[in-house]
Amino acid sequence: MAVKTGDVAPEFDLEVGYRERVTLAEVRGRANVLLVFHPFAFTPVCEDEARDLQENLQSFRDAGTEIVFVSCDPSAARQAWKKELGAEYTFASDFWPHGAAAQAYGVFNETTGAPHRGTFLIDRGGTVIWSLVMERDERRTEMVPDSLDVLAASE
């Protein structure tokens, strides 16, 4: 069962690159986090979502929110894709232990070995204040406007 609005966000510890990690513990208290799980790097729907987040990055930063974009692809592939897209936010890997963060958030798809499209807006206190889970491979058009609306309302 997926984590939902009002739940305490499970801790995550994800690889960004060689000797670089991102954890909820390091961000909690300093910023909100938009934790975005997606199935695979270098795929059309995931690319559309990544570009949508980049186009709205300043609005998230203005709302004191860091974006962590996550799949089970290895960190080297994540960083190559981030560079290709010209993204300026965190691309993290849930590769090993395979899918541990996606499992903790209830969005790991055992059949594909990749996350469902799960989005969790976590406030500075570590509570999920908005969530959206799409178990089919469909673009989350409401991801950016709805999460930004929640951030604006929480100020």
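Nothing here was measured: the structure is a model prediction, and the numbers come from that model.

Q: Let's hear about helix α2 (residues 44–55): which residues, and what values?
A: Here α2 contains twelve residues, and its C-alpha end-to-end distance of 16 Å stays within 8% of the 16 Å for a straight helix at 1.5 Å per residue. Within the sequence span of α2, burial applies to Cys-46, Glu-49, Ala-50, Asp-52 and Leu-53. Summarising the axial view, the buried residues of α2 lie within an arc of 160 degrees, below the 170-degree limit, and thus occupy one face. For α2, exposure combined with an orientation more than 90 degrees from the buried face picks out Pro-44 and Glu-55.

Q: Explain the pattern of salt bridges to me, and be specific about the residues and the numbers.
A: Per the counting criterion, the structure on display carries eight salt bridges. The partner of Arg-28 in a salt bridge is Glu-11, and the shortest N-O contact between them spans 3.4 Å. Of this pair, Arg-28 sits in the loop between α1 (24–27) and β3 (32–37) while Glu-11 sits in the segment before β1 (13–17), placing them 17 residues apart in sequence. Judged by relative accessible area, which is 39%, Glu-11 ranks as partly exposed. The closest approach of N and O atoms between Asp-13 and Arg-21, which form a salt bridge, is 2.6 Å. For Arg-21, a relative accessible area of 41% translates into the label partly exposed. Here the residues in one salt-bridge network are Glu-49, Arg-117 and Arg-140, joined through shared partners.

Q: Tell me about the pairing of strand β9 (residues 128–134), residues and numbers included.
A: In the sheet, strand β8 (residues 117–122) pairs with β9 via six bridges, with the strands oriented antiparallel. Across the sheet, the residue bridging to Leu-121 is Trp-130, located in β9. Linkage of β8 to β9, two consecutive antiparallel strands, is achieved through a turn of five residues, within which Gly-126 is found at a positive phi near 95 degrees.

Rules of the game
- Residues numbered from 1 in each chain as written.
- Predicted model: local features only at pLDDT ≥ 70, side-chain atom pairs only at ≥ 80, totals over all residues.
- Heavy atoms only, no water.
- Helix = DSSP H or I, 4+ residues; strand = E, 2+ residues; numbered from the N terminus.
- Expected span 1.5 Å × (residues − 1).
- Buried < 20%, exposed > 50% of the residue type's maximum accessible area, 1.4 Å probe, protein only.
- Arc of directions from axis to C-beta.
- Salt bridge = Lys/Arg side-chain N within 4 Å of Asp/Glu carboxyl O.
- Pairing = 2+ DSSP bridges.

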